[in-house]
Amino acid sequence: METLVTRAEWGALPPLEQWRALPRTRGVKIHYEGRQVPADLALPDRHHRCAARVREIQAMHLADTVQGWIDIAYNALVCPHGRVFEGRGAHHESGANGDRGLNRAHYAVCAMIGDSGLTEPGTALLNGLCDAVDWLREHGAAGPEVAGHRDGRDTDCPGEPLYRWIQAGAPRP
Ligand SMILES: [Zn+2]
Ligand SMILES: [Zn+2]
């Protein structure tokens, strides 16, 4: 996938423990950051900030002693410019969906929009989410389902605009 940014390219720290293997899933669950995302992050000339933001998310997850995450919680993240950042990657259990059963049922992909600032997914981001889903189907035996974090867990994630897109069948723009 030409839009993929590998862990080496974004400067990921190694996981604290080996990821748990995941042969296949029923599909993919979509997340958002659930915090303020700068509204100008989506400007075409701001992509250089995205890798630092993914490193920041990884650092937050590694510092979360309640969750005890071994790595960034998502299998992939998609920036507003439509690039797909490799998280735990394919065939690895995520930490984002709520519990182990949920994490084994679906991969987790995070859209880099939030609950304030940048809240609306643009065309590039939606295309990137479709690319991430296709990548996990091709390389991770992801099944056909595309759902939201809130399907299965009491949370606002992934926010209303993305959830409407999911309910519409997560179409490629
Ligand atoms: Zn979520
Ligand atoms: Zn970007």
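Just above, that's the structure.
Residues numbered from 1 in each chain as written. Chains lettered and ligands numbered in written order. Predicted model: local features only at pLDDT ≥ 70, side-chain atom pairs only at ≥ 80, totals over all residues. Heavy atoms only, no water.

Draft legend 1. The arrangement of the coordination of the zinc ion (ligand 2) in detail. Those donors, His47 (ND1), Cys50 (SG), Cys79 (SG) and His81 (ND1), are the protein atoms that reach the zinc ion (ligand 2), and they lie 2.1 to 2.3 Å from it. Counting along the primary sequence, the residues that act as donors to the zinc ion (ligand 2) give the motif H-x2-C-x28-C-x1-H. Here Cys79 lies in the loop between β4 (76-78) and β5 (84-86) and His47 lies in the loop between β3 (36-37) and α2 (50-63), a separation of 32 residues in the sequence. Taking the relative accessible area as the measure of exposure, His47 reaches 25% and is therefore partly exposed. (Donors = N, O, S within 2.8 Å, 3.2 Å for Na, K, Ca; no water. Helix = DSSP H or I, 4+ residues; strand = E, 2+ residues; numbered from the N terminus. Buried < 20%, exposed > 50% of the residue type's maximum accessible area, 1.4 Å probe, protein only.)

Draft legend 2. Seen up close, the coordination of the zinc ion (ligand 1). Protein ligation of the zinc ion (ligand 1) involves His31 (ND1), His149 (ND1) and Cys157 (SG), the donor distances falling in the range 2.0 to 2.3 Å. Considered as a linear motif, the donors of the zinc ion (ligand 1) on their single chain read H-x117-H-x7-C. For Cys157, a relative accessible area of 7% puts it in the buried group.

Draft legend 3. Quick look at the environment of Thr3. Along the chain, the position of Thr3 falls in the segment before β1 (4-5). Classification of Thr3 as buried rests on a relative accessible area of 16%. For Thr3, the contacting residues outside a window of four places in its chain are Gly82, Arg83, Val84 and Asp131. (Contact = heavy atoms within 4.5 Å.)

Draft legend 4. Highlighting the nonpolar core. Core analysis: the biggest nonpolar cluster contains 48 residues, and Leu77, Phe85, Val109, Leu129 and Leu162 have the highest contact counts within it. For Leu162, the residues in contact, after removing those within four places along its chain, are Ile30, His31, Tyr32, Ala111, Ile113, Pro121, Leu126 and Leu129. (Core = buried A, V, L, I, M, F, W, Y, C linked by side-chain atoms within 4.5 Å.)

Draft legend 5. Structural view of the pattern of salt bridges. This model, assessed by the stated rule, comprises 15 salt bridges. Here Arg7 makes a salt bridge to Asp71, at a shortest N to O gap of 2.9 Å. Taken together, the residues span a long stretch of sequence, with Arg7 in helix α1 (residues 7-10) and Asp71 in the loop between α2 and β4 at a distance of 64 residues. Neither Arg7 nor Asp71 differs from the other in exposure class; each is buried. Among the salt bridges present, the one from Glu33 reaches Arg35, with a minimum N-O distance of 2.8 Å. (Salt bridge = Lys/Arg side-chain N within 4 Å of Asp/Glu carboxyl O.)

Draft legend 6. Looking closely at the sheet that holds β5. Taken in spatial order, the 6 strands line up as β1-β5-β4-β6-β2-β8 in an open sheet, and their pairing is mixed. Pairing within the sheet leaves two strands with one partner each, and these edge strands are β1 and β8 (142-148). For β4 and strand β6 (residues 106-111), the ladder comprises 3 bridges, and the chain directions are parallel. Bridge pairing links Leu77 to Cys110 in β6. (Pairing = 2+ DSSP bridges.)

Draft legend 7. Spatial organisation of the side chain of Thr25. Residue placement: Thr25 occurs in strand β2 (residues 25-32). Using a relative accessible area of 9% as the deciding quantity, one classes Thr25 as buried. A polar contact is formed between the side chain of Thr25 and the backbone oxygen of Gly27, at a distance of 2.8 Å. (Polar contact = N/O pair within 3.5 Å; in protein donor to acceptor, adjacent residues only side chain to side chain.)

Draft legend 8. Seen up close, unusual backbone geometry. With an omega dihedral of 10 degrees, the bond running from Cys157 to Pro158 counts as a cis peptide bond. Within the secondary structure, Pro158 sits in the loop between β8 and α5 (160-167). One non-glycine residue with positive phi stands out, namely His91, at about 65 degrees. Mapped onto the elements, His91 comes out in the loop between β5 and α3 (100-105). Taking the relative accessible area as the measure of exposure, His91 reaches 31% and is therefore partly exposed. Of note, the phi angle at Ala170 is positive, near 50 degrees, even though the residue is not glycine. Residue position: Ala170 is located in the segment after α5.

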